[in-house]
Amino acid sequence: MGKTKSNLRGFIKIKIKLFSSLLIFLLLILNACIIFLLLNLNYLKAYEIAIHEQLLSNIEDTHGKKLQELSTLEVKIEDLKGLDQKILTIKQQFFDNALAYETLVLQGKGTKKIAYLTIDDGPYSQYTPSFLDILDNYDILATFFLIGKPNPILEPIYKRIADSGHTIGNHTYSHAIKRGLYNSVDSFINDVIKQEKFLQTKTGVTTNIVRFPGGSMTAKSGYRTEILKRLRTLNYGYIDWNVSTGDSGGYPTPTSVLNNVLNGINDKKIAVILMHDFSYSTLLALPTMIEELKRRDYIFLPLFYESAKIIK
Amino acid sequence: MKKIIKYWLFLVLGGSIIYSLFNYISYYEKQQKLTTLTTEVTERYEQLNDIAETILKLELEAKEINKEKEKQIEEYQKWVRQNQILEDLLK
């Protein structure tokens, strides 16, 4: 009985030992599988992290670029919104520089001479747009001494002259040299004031330069001094010309217009050239005139109140 | 001899359990990092979308202003050109 018990115990002991060995072995295999799984998962996660990091870095890059784009756009919009002020500033700069350069030229120091193209008596629906086209093509600013023409067809031309940046001068409303303009000081001054109001309505521009129809000498000497005094109190300056195209009377041809200018200019340091936009001959001569004057070292400027050529 | 093998088996089992525990910790940390990264990517992507939307709006606004101020832009450029001629002459 005792032996049997002892055998049984021995048998159970062996079984337990076998079972525990088997269990350890199985656990080892299971753990190996778990390790294999975890290693794979870790590898997968590391790969996913790398992808996400790359994605994040790409997004950061794009983010930076977009922010840059955004700030550029904001600056652009601010610039566009402040364009009115910028135009005023650059115009002021331009006229300051024009004055500085004119002073240099008068001192004989400038490398180029100055030509002020002045176009009187317009606008005319027939030729003024073509005059403006030529000036645009050559990127030149001129001075238009306009008179009062309440014709609706001419409204866009008044506007175009102003929008193109040309200087607008007051040439009286009526230009009625032979119909009473110079009969009295008041008739002249009232005509100038009437034209000022008219131009403000049509162009939004306030003028400060007057050209007497026919030139300042057309005013009777008795009235002339008084007119000039009154113009000064109204803060106007005036200007005549020192070169004429000769296109206002007779039978001018493009050749005569060109010759008048080229002979008249005679190497003047500052040329104030008179022309009229009702003249087809002047229109035809204008491109050659501009090119020839450029060749002769002239630059083209629009008139401005501070110019030494404006008599105040 | 058998006992030594058994001890070795135990030791290997213990070692492998510790190793798998380390692997699990590493996996857990990676998972956490991935979750953080995914959230960050989503947030950044949303921000990016917002910016893209703002840019689109601003581009439209700029286009409208451009159209509105086309003449003024030309006018400004003309004055810049004219001024440059004088600046060059005054140098």
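Up top you'll find the structure we're talking about.
This is a predicted model, so every value here is computed, not measured.

Conventions we followed
- Residues numbered from 1 in each chain as written.
- Chains lettered and ligands numbered in written order.
- Predicted model: local features only at pLDDT ≥ 70, side-chain atom pairs only at ≥ 80, totals over all residues.
- Heavy atoms only, no water.
- Helix = DSSP H or I, 4+ residues; strand = E, 2+ residues; numbered from the N terminus.
- Rg over C-alpha atoms; globule rule 2.2 N^0.38 Å.
- Areas by Shrake-Rupley, 256 points an atom, 1.4 Å probe, with all protein chains shown as cover.
- Contact = heavy atoms within 4.5 Å.
- Phe/Tyr/Trp six-rings, centres within 6.5 Å; stacked < 30°, edge-to-face > 60°.
- Buried < 20%, exposed > 50% of the residue type's maximum accessible area, 1.4 Å probe, protein only.
- Buried area = accessible area lost by both parts, 1.4 Å probe.
- Salt bridge = Lys/Arg side-chain N within 4 Å of Asp/Glu carboxyl O.
- Polar contact = N/O pair within 3.5 Å; in protein donor to acceptor, adjacent residues only side chain to side chain.
- Pairing = 2+ DSSP bridges.
- Right-handed = clockwise from strand over helix to strand, strands pointing away.

1. Section: the overall build of chain A
- When helices and strands are tallied, chain A shows eight helices and eight strands.
- Compactness check: chain A gives a C-alpha radius of gyration of 44 Å against a globular reference of 20 Å for 312 residues, more than 25% above the reference.
- Per element, the accessible surface of chain A, about 16,200 Å² overall, is 58% carbon and sulfur.

2. As for the environment of A:Phe198
All names here are of chain A.
- Summarising the element assignment, Phe198 is placed in helix H5 (residues 185-203).
- Between the C-alpha atom of Phe198 and that of Pro150, which follows or precedes it by 48 residues, the distance is 8.4 Å.
- Leaving out residues up to four positions away in the same chain, Phe198 has contacts with Ile147, Gly148, Lys149, Pro150, Tyr158 and Tyr173.

3. Quick notes on the packing of aromatic side chains
- What the rule picks out here adds up to 12 aromatic pairs over all chains.
- The interplanar angle of 65 degrees and the centroid separation of 5.1 Å between the aromatic rings of A:Phe94 and B:Trp79 together place this pair among those described as edge-to-face. In this pair, A:Phe94 sits in helix H2 (residues 83-106) while B:Trp79 sits in helix H2 (residues 70-90), so the two residues belong to two different chains. For the pair A:Phe94 and B:Trp79, a shared accessibility class is recorded, and that class is buried.
- Consider the rings of A:Tyr158 and A:Phe198, whose centres lie 5.3 Å apart with planes at 75 degrees: the pair is edge-to-face.

4. Side note on the interface of chain B and chain A
- At the interface, 49 residues of chain B touch 60 residues of chain A.
- For the pair chain B and chain A, the summed buried surface comes to about 5,400 Å²; carbon and sulfur atoms form 72% of the total.
- Our count for the chain B to chain A interface comes out at five salt bridges.
- Between B:Arg44 and A:Glu60 there is a salt bridge; the shortest N-O distance is 2.9 Å.
- For the interface between chain B and chain A, the tally reads 19 residue pairs in polar contact (both at pLDDT 80 or more).
- Counting only elements with at least two residues in the side of chain B that touches chain A, the list comes to helix H1 (2-68) and H2 of chain B.
- Ranked by residue count, the leading element in the side of chain B that touches chain A is H1(B), at 34 residues.

5. Digging into the pairing of strand E7 (residues 270-276) of chain A
Residue and element names in this part refer to chain A.
- Extensive coverage of E7 is indicated by the burial of seven of its seven residues.
- Judged by which residues are buried, E7 turns out to be covered on both faces: Ile270, Val272, Leu274 and His276 on one side and Ala271, Ile273 and Met275 on the other are all buried.
- Of the strand pairs in this sheet, strand E1 (residues 113-120) and E7 are connected by seven bridges, and their pairing is parallel. The partner of Ile114 across the bridge, within E7, is Ile270.
- Across two bridges, strand E6 (residues 243-244) lies against E7 in parallel orientation. Looking across to E7, one finds that Ser244 is bridged to Leu274.
- Regarding the hand of the β-α-β motif, the stretch spanning E6, helix H7 (residues 254-265) and E7 is right-handed.

6. As for the side chain of A:His171
Residue and element names in this part refer to chain A.
- Turning to its location among the elements, His171 is positioned in the loop between strand E3 (167-170) and H5.
- Judged by its relative accessible area of 1%, His171 falls in the buried class.
- Within the structure, the side chain of His171 is placed 2.8 Å from the backbone oxygen of Arg211, a separation counted as a polar contact.
- The residues touching His171, leaving out its near neighbours within four places in the chain, are Asp120, Asp121, Phe145, Leu146, Ile147, Gln195, Arg211, Phe212 and Pro213.

7. Things to note about unusual backbone geometry
All names here are of chain A.
- Following Gly122, the chain continues into Pro123 via a peptide bond in cis, with omega recorded as 0 degrees.
- Structurally, the position occupied by Pro123 is in the loop between E1 and helix H3 (128-137).
- Phi angles above zero are rare outside glycine, and Asn235 is one such case at about 65 degrees.
- By secondary structure assignment, the location of Asn235 is in the loop between helix H6 (221-233) and strand E5 (237-238).

8. Re the pairing of E1(A)
Residue and element names in this part refer to chain A.
- With eight of eight residues buried, E1 is to be regarded as a mostly interior element.
- Alternating positions in E1 separate into two faces, Lys113, Ala115, Leu117 and Ile119 on one and Ile114, Tyr116, Thr118 and Asp120 on the other, with burial throughout.
- As judged from the three bridges shared by E1 and strand E8 (residues 298-300), these two strands associate in the parallel manner. Directly across from Ile114, in E8, lies its bridge partner Ile299.
- Sheet topology note: the E1/strand E2 (residues 143-146) ladder contains three bridges and is parallel. Looking at the pairing, Asp120 lines up with Phe145 of E2.
- Taken together, E1, H3 and E2 constitute a β-α-β crossover, and its handedness is right-handed.

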